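Residues per chain, in single letters:
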Amino acid sequence: MIKINVSGLAAREIANKVSEVAGDDVAVHIVTDIAGAKEVAQGEADYYFGACATGGGGALSMAIAILGYGACFTVSTAGKLPREDEIQRAVANGVKAFGFTSDHVDSAVPLIMKAILDARSSKG
Amino acid sequence: MWIRLGVMAFAGGLGAALANRGIVIFHDGLRPAVTELIEGRMPRSQLAPIAFSTCFGLILVFGIPFTLASTVILSHALWLGTDIIGTWLPGPFEKNGAWKSRLGLLGSIALGALYGTMLVLGLQGFILLNDRLPVNIHLSIGEIARPVIFTLAAYPALTVAYQYGLKHGLVAFLLTLIIRQLASKLGLAHPDTWALLTGLALLMSHAIQEGRREPAPKDSFLIPLEQLKRIRSHLPWIVVLGATYALASNLAVLMEGPQSLLALAHGDRLAAIHFTIARAISFLPLRTMSALTTGVFLMDGLGFAPTLGLVAPNAAIAALAGGIVITVEAISLVWIAGFFSRYPCYLKVVNNIRTAMTKLLEVASLVGGMVAANQMAPGLGFFAVAGLYLLNETAGSPVMRSAVGPVAVILVGITLNILAFLHLM
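None of the values given here were measured: they were computed from a predicted structure.

In this section: the side chain of R354 of chain B. With respect to the helices and strands, the residue R354 of chain B is situated in helix α19 (residues 344-376). On the basis of relative accessibility, which here comes to 7%, the residue R354 of chain B falls in the buried class. The residues contacting R354 of chain B, other than those within four sequence positions of it, are L9 of chain A together with S282, F283 and L286 of chain B.

What follows covers helix α18 (residues 333-342) of chain B. All names here are of chain B. All of the buried residues along α18 are L333, I336, A337, F340 and S341. The buried residues of α18 all sit within an arc of 130 degrees when viewed along its axis, so they share a single face. Packing partners of the buried residues in α18 comprise α11 (225-233), α15 (284-294), β4 (297-298), α17 (315-331) and α19.

This next bit is on the pattern of salt bridges. Summed over all chains, the structure comprises 20 salt bridges over all chains. With a shortest N-O distance of 3.0 Å, E36 of chain B and R41 of chain B are connected by a salt bridge. On the basis of relative accessibility, which here comes to 13%, the residue E36 of chain B falls in the buried class. Between E39 of chain B and R41 of chain B there is a salt bridge, with the nearest N and O atoms lying 2.8 Å from each other. Residues participating in the shared-partner salt-bridge network are K17, E20 and D106 of chain A.

So, about the domain arrangement of chain B. Residue and element names in this part refer to chain B. Domain parsing of chain B yields domain 1 (2-134 + 220-340) and domain 2 (137-216 + 343-421). Of note, the centres of domain 1 and domain 2, computed from C-alpha atoms alone, are 25 Å apart. The interface is formed by 32 residues belonging to domain 1 together with 33 residues belonging to domain 2. Here domain 1 and domain 2 share an interface that buries about 2,900 Å² over both sides, 77% of which is from carbon and sulfur atoms. Summed over the shared surface of domain 1 and domain 2, the result is zero salt bridges.

This paragraph deals with unusual backbone geometry. Residues and elements named next belong to chain B. The phi dihedral of S397 is positive, around 55 degrees, even though this residue is not glycine. Mapped onto the secondary structure, S397 falls in the loop between α20 (380-394) and α21 (401-421). Of note, the phi angle at H423 is positive, near 60 degrees, even though the residue is not glycine. Examined against the element boundaries, H423 turns out to sit in the segment after α21.

As a further point, take a nonpolar patch on the surface. Residue and element names in this part refer to chain B. Together, L170, V171, F173, L174, L175, L177, I178, L182, L186, L188, W194 and L197 line one region of the surface with nonpolar side chains, adding up to about 1,100 Å² of accessible area. At the level of elements, α9 (166-185) and α10 (191-213) are the ones that each hand at least two residues to the nonpolar patch. Residue contributions to the nonpolar patch peak at eight residues, all from α9. As for its placement among the helices and strands, L174 is situated in helix α9.

Another point: the pairing of strand β3 (residues 47-52) of chain A. All names here are of chain A. The element β3 is extensively covered by neighbouring structure, given that six of its six residues are classed as buried. Residues Y47, F49 and A51 point to one face of β3 and Y48, G50 and C52 to the other, with burial holding for every one of them. By the bridge criterion, five bridges tie strand β1 (residues 2-8) to β3 in an arrangement that is parallel. Opposite S7, over in β3, you have G50 as the bridge partner. Across five bridges, the pairing between β3 and strand β5 (residues 97-101) is parallel. When the sheet's bridge partners are listed, F49 is paired in β5 with F98.

Attention shifts here to the environment of L74 of chain B. Residue and element names in this part refer to chain B. Among the secondary structure elements, L74 is positioned in strand β2 (residues 73-74). Taking the relative accessible area as the measure of exposure, L74 reaches 0% and is therefore buried. In this structure the C-alpha to C-alpha distance between L74 and G63, which are eleven residues apart in sequence, comes to 5.7 Å. Those residues in contact with L74, other than ones at most four positions away along the chain, are F62, G63, F66, T67, L254, M255, E256, G257, P258 and L261.

What counts, and at which threshold
Residues numbered from 1 in each chain as written. Chains lettered and ligands numbered in written order. Predicted model: local features only at pLDDT ≥ 70, side-chain atom pairs only at ≥ 80, totals over all residues. Heavy atoms only, no water. Helix = DSSP H or I, 4+ residues; strand = E, 2+ residues; numbered from the N terminus. Buried < 20%, exposed > 50% of the residue type's maximum accessible area, 1.4 Å probe, protein only. Contact = heavy atoms within 4.5 Å. Arc of directions from axis to C-beta. Salt bridge = Lys/Arg side-chain N within 4 Å of Asp/Glu carboxyl O. Domains from an automatic or database assignment. Buried area = accessible area lost by both parts, 1.4 Å probe. Patch = residues over 30% accessible without salt bridge, like charges linked within 9 Å, V, L, I, M, F, W, Y side chains within 5 Å. Areas by Shrake-Rupley, 256 points an atom, 1.4 Å probe, with all protein chains shown as cover. Pairing = 2+ DSSP bridges.

Have a look at this one:
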């Protein structure tokens, strides 16, 4: 079971999308950004997803503060769409927190979930 | 005109210089990367492309369209540009000698000032050009502002709905509506303000009740003292920044967000003030935490400098008040962070306010965009803007939903002028 914490703008949309894509393989929780990132830092949750209006900005600032810059990845910003290869690489590099714009929930979430689930299944 | 140019040149030079020294950064996503540079974990050669890719798109699809639509410069158009300039030029954090760092600082000031000047001239050129064209975009584009301004009073009720459920939200929404109607019927000035205050009072009463019930979290947030010291050591520069920002707001040259920008351009200063306050509150915990954890301050402070710029009766008082309020903001960072970590329900409230305001802007700017385009070209306008909105969705939303309205109106305007030029209209 993969635990994912969701926060920020349109958190409910993100959570619904995660459940829709990954079904019973994941447990999604909507939390505040501080609590969400803290749980990931303490190992109580596996990943953190956040969105804001412009991407990168509000989406990840708490996560970066708590988890460090290297554990966070900005999937999309205004004018820059999510890209599968970048996301795959980020997951492989151990990124725990993903940020994107609230406009890109529908395109970003499936790509991130696919990368996470692929990484899990290849590990065995 | 000369005053506008001067203020924007100064703001541009100042913003780029502060970004170059790693003192203040506008983009929330770039700020932590600048900390990586300052603390030696990331070379500038790696930072510069990150700055460009995070900022440039946003200037293009957000800053410029709202600026052209309103004839007031959206702060994003200026400060994202100065972020890029300041991070590209060499600074004090690399081992490349003092002269190169000094050159980077001078270059930042010069390029930043040039950029600020270009924004004013470019906008002025667009306005002049428009007056000579067969179809004047600016005659209609004010229509975008109206729905945005009048949706202001809805955000507290929406926030109640997001946080406390649909039933409470609906009650708050109806009460807001009734008070607005009563105020308007009784002939009170500013019925929307009364409606807004009603909504806010209801939201606050919900939040206070939840705050009382909520147990205090066990672990509180640890304040990174090093970063706090770094921000405090830059206080003189931050004061100058706040004064400049408030001055530019007072002169209606520069505005902080799309809602206040449209309200100001439409001549509704009171609504603009409400919007600046709402936006500042909705970003309060985010901006506070971002500043405290990175040690890099925020170009718009905690957001109240533009508010005071709008409230101030003249430019001198605006500058003075801006300098004071940004100082208070910088000093109270720790207190604010402490408050939000003690009361998570207020953290949720402000996050939901942000969602509500974003969603309202998306709806209102789309409707406004359709009305504006339709005023230029009856029938065709509705068709074109709705079509462009959904085409943008299908393309995965490269243009932010809230900016599709203005972008589409500008595109329709350009197309109509081409058609008129070809005698096809």
